[in-house]
Amino acid sequence: TRMALHVTAKRGSTVEWGLILGAAAGLFAPASTRSVTFNNTSPRTDIHGKILTAHDGTIQRFPADPSGKFYYHAMGYPALPEPGKINGCSHTIYAHNNSIAVYSSPDLSSGSWQLEETVYPSANSGFPECTYFRSQAAYNPATKTYVLWANVAGCAPSACDALPNKTCLAYAVGTAKSPQGPFKFAGTTEPTAQSLGNRTGGKGDFALFVDTDGSGYILLTHLVAGAGHRDMFIYKLTSDFLGVDSAASTGILPGQHLVEAPAMFKRGSTYYAFLGGCTCMGLYGGGVGVLTASHPLGPWSNVTGTLDPGCPMWKQGSCFEVGPGQPCDPVTQAQQNYVITVPLASGGSAFVWTGDVWQQAPDKTYAEQPQVWLPLEFDGDTAVPLRRVDSFTLDVAP
């Protein structure tokens, strides 16, 4: 059964979400349910009232975790000045000083987030001294292990000497027996050059996805050297979720090719790959392209390049043609982070798009850059263009 949830959002408008409901789903929230309002006009805070230093990560509730908490496996960026430019990637965030942390919350509300572990920098975790971006967590039901991946973007001299060929590959991986950690470094991995078409270029932003059958996948960016664009691939993970199965891949995905910051999720029987516009912590954010499929390895269909209606992505000639007067002027003013699947008291699920609002921090530093969270709307299986709202409310299942 498909039903709709109505809430009041910006300027008194009504937002409708497509929900997947079980046949016996209740229509009203139980007494233990928390009605949570998500406010985009102020930064999210932890249990001490401090602004969260949390970006670029996965936000999810793991069915295997008895606590029922949501976990945010997040990147933290240093309290250094934002450059205030379209290209926001200052050299200061490539000095091996970005952090990886685990936060938990009972219901996703601001003020409820608690720091569980600092994975990096930490002498206990064993992660090499490197620059990390885009932390992603997943649970492997076969091994009953949680994995934590991060993109590696340069390391200190000799940091990787203990690894094969004394080299840190594109993605660092850690493991733990619980979602809050402690995570221990387990090595690095990346797809083979042959599986990428033997083209040179870095392996960048990525998203992890675990299907209902327990199989794991990675949606990743290939920064094609000299080609002036970036391609997306999906690979199956190895059975232990510690590596990339280069033999099981989609090849280059269709759609836009100035993309990074991907997200992947399943709604009903449809798989979605959301491809974020490339903008290196850019001041005005980026667009969002949408692909759909009936299997994680495709075939994938290019549905739209305008999930953010202010950014027709095919009109961009570079990653930095963004902002007022440019071909891409996103209504979200954010770069895509993650799509949260939120269990509702009604028995269904809402899908919440999250994006990093780069270079708009209250203290003008990388550390306090906020996020915008927006409800995803659907018309059947089609994602409806995003709308920026000041706030919205969900009855989150306990």
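Residues numbered from 1 in each chain as written. Predicted model: local features only at pLDDT ≥ 70, side-chain atom pairs only at ≥ 80, totals over all residues. Heavy atoms only, no water.

Some details on the overall build of the chain
Each helix and strand in the chain was counted, giving zero helices and 25 strands. The C-alpha radius of gyration computed for the chain amounts to 20 Å, which stays within 12% of the reference 21 Å derived for 398 residues, consistent with globular compactness. Along the three orthogonal principal directions, the C-alpha set of the chain runs to about 60 × 50 × 45 Å. Out of the 398 residues in the chain, the part that is buried amounts to 55%. Considering only intrachain contacts with a sequence separation of at least 6, the fraction spanning at least 24 residues in the chain is 58%. When the accessible surface of the chain is totalled, it reaches about 15400 Å², and 52% of it is carbon and sulfur. (Helix = DSSP H or I, 4+ residues; strand = E, 2+ residues; numbered from the N terminus. Rg over C-alpha atoms; globule rule 2.2 N^0.38 Å. Buried < 20%, exposed > 50% of the residue type's maximum accessible area, 1.4 Å probe, protein only. Contact = heavy atoms within 4.5 Å. Areas by Shrake-Rupley, 256 points an atom, 1.4 Å probe, with all protein chains shown as cover.)

Observations regarding the pattern of salt bridges
The final tally for this structure, using the stated rule, is eight salt bridges. Across the pair lysine 266 and aspartate 211 runs a salt bridge, and its minimum N-O distance is 3.6 Å. Residue lysine 266 is found in strand β16 (residues 259-267), and its partner aspartate 211 is found in the loop between β12 (201-210) and β13 (216-224); the two are separated by 55 residues along the sequence. Between glutamate 260 and arginine 230 there is a salt bridge; the shortest N-O distance is 2.5 Å. Here arginine 230 lies in strand β14 (residues 230-237) and glutamate 260 lies in strand β16, a separation of 30 residues in the sequence. According to the relative accessible area criterion, glutamate 260 is buried, its value standing at 9%. (Salt bridge = Lys/Arg side-chain N within 4 Å of Asp/Glu carboxyl O.)

Notes on the state of the cysteines
As enumerated under the stated definition, the model contains five disulfides in all. For cysteine 311, the disulfide goes to cysteine 328, at an S-S distance of 2.1 Å. Handedness here is read from the sign of the S-S torsion; for cysteine 311 and cysteine 328, about -110 degrees, the answer is left-handed. Residue cysteine 311 is found in the loop between β19 (301-304) and β20 (335-343), and its partner cysteine 328 is found in the loop between β19 and β20; the two are separated by 17 residues along the sequence. (Disulfide = S-S within 2.5 Å.)

Some details on the sheet that holds strand β5 (residues 70-76)
Strands sit in the order β4-β5-β6-β7 across an open sheet of four strands; the sheet is antiparallel. Lying at the two open borders of the sheet, with one neighbouring strand each, are β4 (55-61) and β7 (114-120). On average, each strand axis in the sheet is inclined to that of its neighbour by 20 degrees, with strand direction left out of account. Pairing analysis gives five bridges linking strand β6 (residues 99-105) to β7, with the strands arranged antiparallel. Bridging from a neighbouring strand, tyrosine 103 pairs with leucine 115 of β7. (Pairing = 2+ DSSP bridges. Axes fitted to C-alpha atoms, helices over the stretch in contact; angles between N-to-C directions.)

Points about the confidence of the model for the chain
Scored by pLDDT, the chain has a mean of 91; 91% of the residues are at 70 or more. Low pLDDT (under 50) marks residues 1-31, which in the prediction has 80 contacts with non-local residues, meaning those over four places away or in another chain. (pLDDT = per-residue confidence, 0-100.)

Describing the nonpolar core
Counting 41 residues, the largest nonpolar core has Phe274, Trp353 and Leu376 as its most contacted members. If you look at the next biggest cluster of nonpolar residues, it comprises 28 residues, including Val102, Tyr139, Ala150 and Trp358. (Core = buried A, V, L, I, M, F, W, Y, C linked by side-chain atoms within 4.5 Å.)

Some details on the packing of aromatic side chains
Using the criterion set out here, one finds 23 aromatic pairs in the structure. Seen in terms of ring centroids, phenylalanine 209 and tyrosine 271 are 5.9 Å apart; in terms of plane orientation they differ by 85 degrees. Their pairing is edge-to-face. Separated by 62 residues along the polypeptide, phenylalanine 209 in strand β12 and tyrosine 271 in strand β17 (residues 270-277) bring together distant segments of the chain. The exposure classification of phenylalanine 209 matches that of tyrosine 271, with both residues buried. Put simply, the rings of Phe265, Tyr272, Phe274, Phe351 and Phe378 pair up and form one aromatic cluster. Arginine 44 extends its terminal NZ or CZ atom over the ring of tryptophan 373, reaching a point 4.4 Å from the ring centre. One residue, arginine 267, lies across the ring of phenylalanine 378, its end atom 4.0 Å from the ring centre. (Phe/Tyr/Trp six-rings, centres within 6.5 Å; stacked < 30°, edge-to-face > 60°. Lys NZ or Arg CZ within 6 Å of the ring centre and 35° of its normal.)

Digging into the pairing of strand β25 (residues 391-396)
Judged by which residues are buried, β25 turns out to be one-sided: Phe392, Leu394 and Val396 face inward and are buried, whereas Ser391, Thr393 and Asp395, on the alternate face, are not. Here strand β3 (residues 34-39) pairs with β25 via six bridges, running antiparallel. Of the residues in β25, the one forming a bridge with asparagine 39 is serine 391.

A closer look at the side chain of threonine 304
One can find threonine 304 in strand β19. A polar contact is formed between the side chain of threonine 304 and the side chain of threonine 306, at a distance of 2.9 Å. Sequence-distant contacts of threonine 304, defined by excluding residues within four places in its chain, comprise Val288, Gly289 and Val290. (Polar contact = N/O pair within 3.5 Å; in protein donor to acceptor, adjacent residues only side chain to side chain.)

What about the sheet that holds strand β18 (residues 288-293)?
The four strands are arranged β16-β17-β18-β19 in an open sheet whose pairing can be described as antiparallel. Unpaired on one side and paired on the other, β16 and β19 mark the two borders of the sheet. Pairs of neighbouring strands in the sheet enclose a mean axial angle of 25 degrees, with direction left out of account. In the sheet, β18 pairs with β19 via three bridges, with the strands oriented antiparallel.

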